[in-house]
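Summary of the model geometry
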Amino acid sequence: MVTAGAAALLSVGGLLTAGASGAGAAAQPAAAGAAGNPYERGPDPTESSIEAPRGHYAVSETSVSALGVTGFGGGTIYYPTSTADGTFGAVAIAPGYTSLQSSIAWLGPRLASQGFVVITIDTRTTLDQPAGRGAQLLAALDYLTRRSSVRNRIDSGRLGVMGHSMGGGGSLEAAKGRPSLQAAIPLTGWNLDKTWPEIRVPTLLVGADGDTIAPVATHSQPFYQSLPSTLDRAYLELNNATHFTPNRPDTTIAKYSVSWLKRFIDNDTRYEQFLCPLPRPSRTIEEYRGNCPHTS
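Residues numbered from 1 in each chain as written. Predicted model: local features only at pLDDT ≥ 70, side-chain atom pairs only at ≥ 80, totals over all residues. Heavy atoms only, no water.

**Observations regarding the overall build of the chain**
- In terms of helices and strands, the chain carries seven helices and nine strands.
- Taken across its 296 residues, the chain has 59% of its residues classed as buried.
- Taking contacts inside the chain between residues at least 6 apart in sequence as the whole, the part at least 24 apart equals 72%.
- Summed over all atoms, the accessible surface of the chain reaches about 11,000 Å², with 54% contributed by carbon and sulfur. (Helix = DSSP H or I, 4+ residues; strand = E, 2+ residues; numbered from the N terminus. Buried < 20%, exposed > 50% of the residue type's maximum accessible area, 1.4 Å probe, protein only. Contact = heavy atoms within 4.5 Å. Areas by Shrake-Rupley, 256 points an atom, 1.4 Å probe, with all protein chains shown as cover.)

Printed below as a string of structure tokens:
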């Protein structure tokens with residue numbers, strides 16, 4: 001088993017967060033989706049639309065100072081610029097051990113441009129363990145929906161969590177602690193707790209075949225296997241990937257994260273086609289497990 005000390009030496013993230021506002025797709029939002037599902041946002045998805053670096057919505061961003069919040073270390077909020085489609089679901093994302101929000105910043109505008117409000121967070125200290133990171137993800141969601149400048153853009157009943165490494169372990173902790181969440185996505189997650197039978201939140205676990213810090217055999221795979229068999233769950237193992245693959249833009253991570261969040265936060269069954277039948281092994285997918293069709 002990898003120690004926290006070893007992870008400290010190896011899990012520093014890579015990307016620097018962008019500082020400008022208003023980045024994103026130039027297209028204007030269309031009207032909200034079908035009357036049968038008031039949470040549908042954006043046009044009918046295609047393979048190319050969910051793999052694209054930017055989705056349908058233009059995106060703005062705003063910084064959140066650690067001095068103005070409690071329970072987490074501040075962060076950056078990315079959100080669809082237009083309010084024409086009504087409110088959106090929201091996602092909080094935590095970095096890994098010793099890392100800053102810059103290490104997972106690429107996910108902010110990428111997910112927001114698909115129709116979510118996203119906050120990438122800094123933790124209170126870079127050495128915080130998974131349980132602390134889970135509590136901070138929930139604190140960030142509470143700030144986002146209750147006090148943030150974009151709170152009126154968010155449907156507070158449609159929330160999810162993501163995280164990398166110990167932040168991924170933290171997303172499991174958050175899902176365990178708040179079963180009302182709609183989705184959880186641990187990315188090459190690390191946690192000393194290997195069993196999660198208490199989780200009731202639809203969960204997509206992303207592992208990497210070349211991960212030596214959180215090897216799939218001792219982390220993502222047992223996490224997945226311990227989830228209730230009745231839960232909507234999936235395990236995606238990336239091919240030719242490492243523990244740090246989630247620290248840079250990755251089409252496969254984005255494609256299935258967008259599909260999972262859309263399917264379960266927005267209850268948008270238009271995205272079921274990308275999750276069921278189960279994706280087959282490919283140049284970027286070593287293995288994919290899950291239950292189909294989804295029932296949540």
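Further notes follow.
**Remarks on the confidence of the model for the chain**
- Here the chain shows a mean pLDDT of 90. Residues at 70 or above account for 88%.
- Low pLDDT, under 50, characterises residues 1-34; the predicted model gives this stretch 77 contacts beyond four residues in sequence or across chains. (pLDDT = per-residue confidence, 0-100.)

**Let's talk about unusual backbone geometry**
- With an omega of -5°, the peptide bond between cysteine 276 and proline 277 qualifies as cis.
- Along the chain, proline 277 falls in the loop between helix H7 (251-265) and strand E9 (285-290).
- Its identity as a non-glycine residue notwithstanding, serine 165 has a phi of 60°, on the positive side.
- Among the structural elements, serine 165 can be located in the loop between strand E5 (154-164) and helix H5 (166-177).
- In this model, threonine 188 sits at a positive phi of 40°, which is unusual for a non-glycine residue.
- Of note, threonine 188 is situated in the loop between strand E6 (183-187) and strand E7 (203-208).

**A short note on the state of the cysteines**
- Counted according to the given criterion, the structure contains one disulfide.
- A sulfur-sulfur distance of 2.0 Å marks the disulfide that ties cysteine 276 to cysteine 292. Taking the torsion about the S-S bond as the criterion, the cysteine 276 to cysteine 292 disulfide, at about -85°, is left-handed. Here cysteine 276, found in the loop between H7 and E9, pairs with cysteine 292, found in the segment after E9; they are 16 residues apart in sequence, far enough to count as distant.
- For cysteine 276, a relative accessible area of 14% puts it in the buried group. (Disulfide = S-S within 2.5 Å.)

**Focus on the packing of aromatic side chains**
- Evaluation of the coordinates by the stated rule reveals six aromatic pairs.
- Taken together, a centroid distance of 5.9 Å and an interplanar angle of 50° make the contact between tyrosine 256 and tyrosine 288 tilted. In this pair, tyrosine 256 is assigned in helix H7 and tyrosine 288 in strand E9, connecting sequence segments 32 residues apart.
- The class for tyrosine 288 is buried, based on a relative accessible area of 9%.
- Across the ring face of tyrosine 224, the terminal group of arginine 233 is positioned such that the distance to the ring centre comes to 4.4 Å. (Phe/Tyr/Trp six-rings, centres within 6.5 Å; stacked < 30°, edge-to-face > 60°. Lys NZ or Arg CZ within 6 Å of the ring centre and 35° of its normal.)

**Observations regarding the nonpolar core**
- One finds Phe72, Ile77, Val117, Ile119, Leu144, Leu181 and Ile199 to be the most contacted residues of the largest nonpolar core, which totals 39 residues.
- Of all the secondary structure elements, the ones that give two or more residues to this core are strand E2 (75-80), strand E3 (88-94), strand E4 (116-121), helix H4 (130-146), E5, H5 and helix H6 (220-226).
- Tallying contributions element by element places H4 first for this core, with seven residues.
- What leucine 181 contacts, discounting residues up to four positions off in sequence, is Leu138, Leu141, Leu159, Val161, Ala174, Ala175 and Val201.
- Counting 37 residues, the second largest nonpolar core, distinct from the first, contains Ile104, Ala234, Leu238 and Phe274. (Core = buried A, V, L, I, M, F, W, Y, C linked by side-chain atoms within 4.5 Å.)

**Details of the environment of alanine 94**
- Relative to the helices and strands, alanine 94 is located in strand E3.
- Alanine 94 sits 28 residues away from aspartate 122 along the chain, and the two C-alpha atoms are 6.9 Å apart.
- Excluding its chain neighbours within four sequence positions, the residues that come into contact with alanine 94 are Ile104, Ile121, Leu137, Met162, Gly163, His164 and Gly167.

**Structural notes on the pattern of salt bridges**
- All told, the structure shown has 13 salt bridges when counted by the stated rule.
- For lysine 176, the salt bridge is made with glutamate 198, and the minimal N-O distance between the two is 3.7 Å. Of the two residues, lysine 176 is situated in helix H5 and glutamate 198 in the loop between E6 and E7; the sequence distance between them amounts to 22 residues.
- One network of salt bridges, in which partners are shared, links Glu40, Asp44, Asp268 and Arg270. (Salt bridge = Lys/Arg side-chain N within 4 Å of Asp/Glu carboxyl O.)

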